[in-house]
Amino acid sequence: MAASNSPETRAGRARFSYPVFLDLTDVPVLVVGGGRIGARKAEGLAAAGARVRVVAEEVSEHIDADVVDEVRAHRFVDGDLDGIRLVVTATGDVETDQAISRSARARGIWTNAADQPVDCEFILPAIARAGRVTGAISTDGASPALAKYLRDRVAEILDDRVAEVADILAAERADVQARGGSTEDIDWTPRLRELLDAPTL
Ligand SMILES: C[C@@]1(CC(=O)O)C2=NC(=C\c3[nH]c(c(CCC(=O)O)c3CC(=O)O)Cc3[nH]c(c(CC(=O)O)c3CCC(=O)O)/C=C3\N/C(=C\2)[C@@H](CCC(=O)O)[C@]3(C)CC(=O)O)/[C@H]1CCC(=O)O
Ligand SMILES: NC(=O)c1ccc[n+]([C@@H]2O[C@H](COP(=O)([O-])OP(=O)(O)OC[C@H]3O[C@@H](n4cnc5c(N)ncnc54)[C@H](O)[C@@H]3O)[C@@H](O)[C@H]2O)c1
């Protein structure tokens, strides 16, 4: 914590300052750790379409073999990184997570170490979803509890209506594009307000 939040590291900006939304469909991802946290990460990644390989010395009952692509019940070895694009470690052992993170980084593989920002190249935000709409809150690791609290506030506005409106607007944009037009010059605000405020859709 101290290292990741030190002024030297931050240099006037957040360390984890570039949010992205990944398409993980069929992307090979490694989760090291088969406890409650490893299982939670594996489920989230699988739900995003990733092909999840779990490596764990002890595979707990939390790991759902139907959800993940592959379970390797052994101590992490470097070869577990073969073919992998993204790694999440949750072994509960700082040195182990650190060593895996270093090996992954050396191969150019992006790594998250649960609760160990020093060994993360990316961190995970607190998430609220409504259909295709996702709200993701990060505090740059300053306070995960604050991220979670703010996520709950965002979740209050990301309701079923928002999900529906996103689908309707997607269809309307696709219509414009199908007619050869550009959606960029359209002021969408009146239309989306109309949809969001309508008593029924
Ligand atoms: C958002 C969420 C996403 C997820 O994990 O999927 C997430 N932590 C969540 C919850 C949570 N984690 C912790 C608490 C206890 C209260 C507190 O400490 O605040 C709570 C709250 C609770 O559980 O109620 C403990 C904790 N977490 C980290 C440290 C180490 C440190 O700070 O040095 C420690 C101390 C460990 C210790 O002292 O032993 C570090 C990280 N945790 C992050 C993400 C990244 C920064 C996110 C950001 O703020 O930008 C980062 C940097 C790395 C990473 O893990 O990616 C998830 C919300 C799940 C949800 O959606 O409900
Ligand atoms: N982000 C969060 O919300 C959050 C909450 C709690 C804990 N955590 C973090 O996640 C870590 C894991 O938590 P947990 O409750 O799942 O722990 P756990 O002890 O239940 O599970 C650890 C798993 O890692 C495996 N493992 C350990 N060393 C290994 C190695 N060298 N190779 C392969 N597998 C190895 C173990 O066999 C086990 O399956 C915690 O230590 C903590 O850092 C994060």
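Residues numbered from 1 in each chain as written. Chains lettered and ligands numbered in written order. Predicted model: local features only at pLDDT ≥ 70, side-chain atom pairs only at ≥ 80, totals over all residues. Heavy atoms only, no water.

Taking an unreviewed UniProt entry as the reference, the protein chain is identified by name as precorrin-2 dehydrogenase belonging to Ilumatobacter coccineus. UniProt lists a comment for the protein chain under the heading Catalytic activity (unreviewed entry), and it reads "precorrin-2 + NAD(+) = sirohydrochlorin + NADH + 2 H(+)". Per UniProt, the protein chain carries the Pathway (unreviewed entry) text "Porphyrin-containing compound metabolism; siroheme biosynthesis; sirohydrochlorin from precorrin-2: step 1/1." (UniProt positions renumbered as here; feature names shortened; annotations may be inferred.)

### Things to note about the site of ligand 1
Around ligand 1 there are 21 residues in total, and Asn112, Ser138, Thr139, Lys148 and Arg151 lie nearest to it. A distance of 2.8 Å is found between an oxygen atom of ligand 1 and a side-chain nitrogen or oxygen belonging to asparagine 112. Contact distances for ligand 1 include 3.1 Å between an oxygen atom and a backbone N or O atom of glycine 141. In isolation ligand 1 has 1100 Å² of accessible area, and contact with the protein removes 67% of it. Looking at the shell around ligand 1, the elements with two or more residues in it are helix H2 (36-47) and helix H4 (144-157). At five residues, the largest contribution of residues to the shell around ligand 1 is made by H4. (Near = heavy atom within 4 Å. Polar contact = N/O pair within 3.5 Å; in protein donor to acceptor, adjacent residues only side chain to side chain. Areas by Shrake-Rupley, 256 points an atom, 1.4 Å probe, with all protein chains shown as cover. Helix = DSSP H or I, 4+ residues; strand = E, 2+ residues; numbered from the N terminus.)

### As for the domain arrangement of the protein chain
Partitioning the protein chain into structural domains gives domain 1 (7-12 + 19-124) and domain 2 (160-197). Here the C-alpha centroids of domain 1 and domain 2 sit 37 Å apart. (Domains from an automatic or database assignment.)

### Regarding the side chain of threonine 139
Tracing the backbone shows threonine 139 in the loop between strand E7 (133-137) and H4. Within the structure, the side chain of threonine 139 is placed 2.9 Å from the backbone nitrogen of serine 143, a separation counted as a polar contact. Leave out the neighbours within four places in its chain, and threonine 139 touches Pro144, Leu146 and Ala147. (Contact = heavy atoms within 4.5 Å.)

### Quick word on the site of ligand 2
Taken together, the neighbourhood of ligand 2 is formed by 21 residues, with Gly34, Ile37, Glu58, Phe76 and Gly92 sitting nearest. Glycine 34 has a polar backbone atom sitting 2.8 Å from an oxygen atom of ligand 2. Phenylalanine 76 has a polar backbone atom sitting 2.9 Å from a nitrogen atom of ligand 2. Here ligand 2, which alone exposes 870 Å², has 70% of that area covered by the protein. Residue contributions to the shell around ligand 2 peak at four residues, all from H2. Considering only residue class, the shell around ligand 2 consists of seven nonpolar, eight polar and six charged. (Nonpolar A, V, L, I, M, F, W, Y, C, P; charged D, E, K, R; others polar.)

### Considerations on the pairing of strand E6 (residues 126-130)
Judged by which residues are buried, E6 turns out to be one-sided: Ala126, Ala128 and Ala130 face inward and are buried, whereas Ile127 and Arg129, on the alternate face, are not. Examined bridge by bridge, E6 and E7 share five bridges and lie antiparallel to one another. Note that in E7 the partner of alanine 130 across the bridge is valine 133. The turn linking E6 back onto E7 is made up of two residues, and glycine 131 within it adopts a positive phi angle of 55°. (Buried < 20%, exposed > 50% of the residue type's maximum accessible area, 1.4 Å probe, protein only. Pairing = 2+ DSSP bridges.)

### Structural notes on the sheet that holds strand E1 (residues 28-32)
One open sheet holds the five strands; their spatial order is E3-E2-E1-E4-E5, and the pairing between them is parallel. Strands with a single pairing partner mark the edges of an open sheet, and in this sheet they are strand E3 (70-72) and strand E5 (110-113). Taken over all neighbouring pairs, the strand axes of this sheet differ in orientation by 15° on average, direction set aside. Sheet topology places E1 next to strand E2 (residues 51-55); five bridges connect them, and they run parallel. (Axes fitted to C-alpha atoms, helices over the stretch in contact; angles between N-to-C directions.)

### Focus on the UniProt feature "domain: Siroheme synthase central" (unreviewed entry) in the protein chain
Per the UniProt record, "domain: Siroheme synthase central" (unreviewed entry) is annotated on residues 136-155. Between the first and last C-alpha atoms of residues 136-155 the distance is 10 Å; the span itself is 60% helix and 10% strand.

### Comments concerning the environment of valine 32
Note that valine 32 resides in strand E1. With relative accessibility at 4%, the residue valine 32 sits in the buried group. In the structure, valine 32 is positioned ten residues away from alanine 42 in sequence and 9.3 Å away in space, judged by C-alpha atoms.

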